[in-house]
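# Structural characterization, general
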Amino acid sequence: MVIRTLSALLLGFAALGAAAQGVPEAFAAGRDYQLLDPPVPTANSGKIEVIEVFSYGCIHCSTLQPFVDNWKASLPDDVDFSYAPLGFGGVADTYARAYFAAESLGLNDRAHAALFEAIHTERREFRDAADLADFYSEFGVTRQNFERAMHSFAVNTRINRLKQQMPRYGVEGTPSMIVNGKYRVAMPAGSGAAGMLRIVDFLVTKERTAPKSS
């Protein structure tokens, strides 16, 4: 944590120095990331918000997951990271419901990466809520309780809120990262998951060192 915090501070000082000297930034809007216009309000204005928009059916999201696990484990305290499952119909919507249900039951710390592995490595098929309930029952919840959670009022509310918010992010594919409601990052060709997180780190530093509005 200390090492990552010091690194973030050094990146911030470097960015300020570069700006003062007119040196081009390492990553550019329109090429490495997209500006959101208008910006989307964040849940916590006191922190820098990073959201990963993902789908369990997305192989690139599966590839990114272990990188994100390592990255988020040492995030500075001023960064608030969360997941947003993209689902607008079909099995993708069922996966999104499963994510929120698992979150409400406290299962995602163990089950999130495991579901990616089940789909993309073990080649298990999940066609409906019943199939997913079978999977999550391996983590200590009954099938009935999991299916009930998937169709609960709380999960319905989360799904509906996400469907309203997602168009504001302008997400065109997964995985995408939304940084502080201002920037959208896709996985760059060539540099893959590691490159995506480098851009996210750059934007987090950019937000951390930006002048505060009065």
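The notes below deal with the structure included here. (Residues numbered from 1 in each chain as written. Predicted model: local features only at pLDDT ≥ 70, side-chain atom pairs only at ≥ 80, totals over all residues. Heavy atoms only, no water.)

## Quick notes on unusual backbone geometry
Geometrically, the link from Asp 37 to Pro 38 is a cis peptide bond, its omega value of 5 degrees lying close to zero. With respect to the secondary-structure elements, Pro 38 resides in the loop between β1 (34–35) and β2 (48–54). Along the chain, Thr 174 connects to Pro 175 via a cis peptide bond; the corresponding omega equals -5 degrees. Positive phi values are uncommon outside glycine, yet Arg 123 reaches one of about 60 degrees. Checked against the element boundaries, Arg 123 lands in the loop between α4 (108–120) and α5 (129–136). (Helix = DSSP H or I, 4+ residues; strand = E, 2+ residues; numbered from the N terminus.)

## Brief notes about the environment of Arg 184
Turning to its location among the elements, Arg 184 is positioned in strand β5 (residues 183–186). On the basis of relative accessible area, Arg 184 is assigned to the buried category, the value being 15%. Taking the C-alpha atoms as reference points, Arg 184 and Asp 32, 152 residues apart in sequence, are found 9.2 Å from one another. Not counting chain neighbours up to four residues away, the residues in contact with Arg 184 comprise Tyr 33, Gln 34, Leu 36, Tyr 169, Gly 170, Val 171, Glu 172, Ser 176, Met 177 and Ile 178. Within polar-contact distance, the side chain of Arg 184 engages the backbone oxygen of Gly 170 at 3.3 Å. (Buried < 20%, exposed > 50% of the residue type's maximum accessible area, 1.4 Å probe, protein only. Contact = heavy atoms within 4.5 Å. Polar contact = N/O pair within 3.5 Å; in protein donor to acceptor, adjacent residues only side chain to side chain.)

## What about the pairing of strand β4 (residues 176–179)?
With burial as the criterion, each face of β4 is covered, one bearing Ser 176 and Ile 178 and the other bearing Met 177 and Val 179. Two strands pair when backbone bridges link them, and β4 and β5 are joined in this way by four bridges, in the antiparallel orientation. Note that in β5 the partner of Ile 178 across the bridge is Arg 184. In sequence, β4 turns back onto β5 through a hairpin of three residues, with Asn 180 there showing a positive phi of about 55 degrees. (Pairing = 2+ DSSP bridges.)

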